[in-house]
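Listed below, chain by chain, are the residues.
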Amino acid sequence: MQPLAGAGSERPATLADLAAATGLATSTVSRALSNPGRVNALTRERIELAARELNYIPNAQARALTSGKTRAIAVLVSDVTNPFYFGIIRGTQPQLKSAC
């Protein structure tokens, strides 16, 4: 793998960074991470190694653009300082995590 010029920078690694580090197309990198069965096993391992080395974390907002699913919910309450609502909001978190 080729060293990446901005690997030590503050910005998070992108698919383009992984593609540059592995010498593969961005589309191949994307396919390997989102649908591993469609990519050769050796290629997938190479991409996964680069992803670990560059601390790649998928961008949830970018995924939502293509999938149309944000996996986000909104809880509307009339008064966030009211202790009654605090318990409801707090109770939704474990329920949502277990539903994923």
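Refer to the preceding data block for the structure.
Let me sum up the structure you'll find in this document. If you're wondering where the values come from, they're calculated on a predicted model, not measured in any experiment.

Parameters at a glance
- Residues numbered from 1 in each chain as written.
- Predicted model: local features only at pLDDT ≥ 70, side-chain atom pairs only at ≥ 80, totals over all residues.
- Heavy atoms only, no water.
- Phe/Tyr/Trp six-rings, centres within 6.5 Å; stacked < 30°, edge-to-face > 60°.
- Buried < 20%, exposed > 50% of the residue type's maximum accessible area, 1.4 Å probe, protein only.
- Axes fitted to C-alpha atoms, helices over the stretch in contact; angles between N-to-C directions.
- Helix = DSSP H or I, 4+ residues; strand = E, 2+ residues; numbered from the N terminus.
- Parallel < 35°, antiparallel > 145°, perpendicular 65-115°, else oblique.
- Contact = heavy atoms within 4.5 Å.
- Nonpolar A, V, L, I, M, F, W, Y, C, P; charged D, E, K, R; others polar.
- Core = buried A, V, L, I, M, F, W, Y, C linked by side-chain atoms within 4.5 Å.
- Salt bridge = Lys/Arg side-chain N within 4 Å of Asp/Glu carboxyl O.

Summed over all chains, the structure comprises one aromatic pair. Judged by centre distance (5.4 Å) and plane angle (75 degrees), the rings of Phe84 and Tyr85 are edge-to-face. Overall, Tyr85 belongs to the partly exposed group, its relative accessible area being 21%.

Their axes nearest at 8 Å, the elements helix α1 (residues 15–22) and helix α2 (residues 26–34) cross at an angle of 110 degrees. Overall, the two elements α1 and α2 adopt an arrangement that is roughly perpendicular. Where α1 abuts α2, its residues Leu15, Ala16, Leu18, Ala19 and Thr22 lie against Thr26, Val29, Ser30 and Leu33. In terms of residue class, the contact of α1 with α2 is built from six nonpolar, three polar and no charged.

For the rest of this paragraph, the subject is unusual backbone geometry. Unusually for a residue other than glycine, Asn55 sits at a positive phi of about 55 degrees. You can call Asn55 exposed: its relative accessible area is 59%.

Bringing the nonpolar core into the picture now. Residues Ala13, Leu18, Ala19, Ala21, Val29, Ala32, Val39, Ile47, Ala50, Ala51, Leu54 and Tyr56 constitute the largest nonpolar core, which totals 12 residues. Filtering out sequence-adjacent residues up to four positions away, Ala32 remains in contact with Val39, Arg44 and Ile47.

All chains considered together, the criterion is met by two salt bridges. The closest approach of N and O atoms between Asp17 and Arg11, which form a salt bridge, is 2.7 Å. Given the relative accessible area of 44%, Arg11 is considered partly exposed. With a closest N to O distance of 3.8 Å, Glu48 and Arg44 form a salt bridge. Remark: Arg44 and Glu48 occur in helix α3 (residues 41–53); sequence separation between them is four residues, near one turn of the helix.

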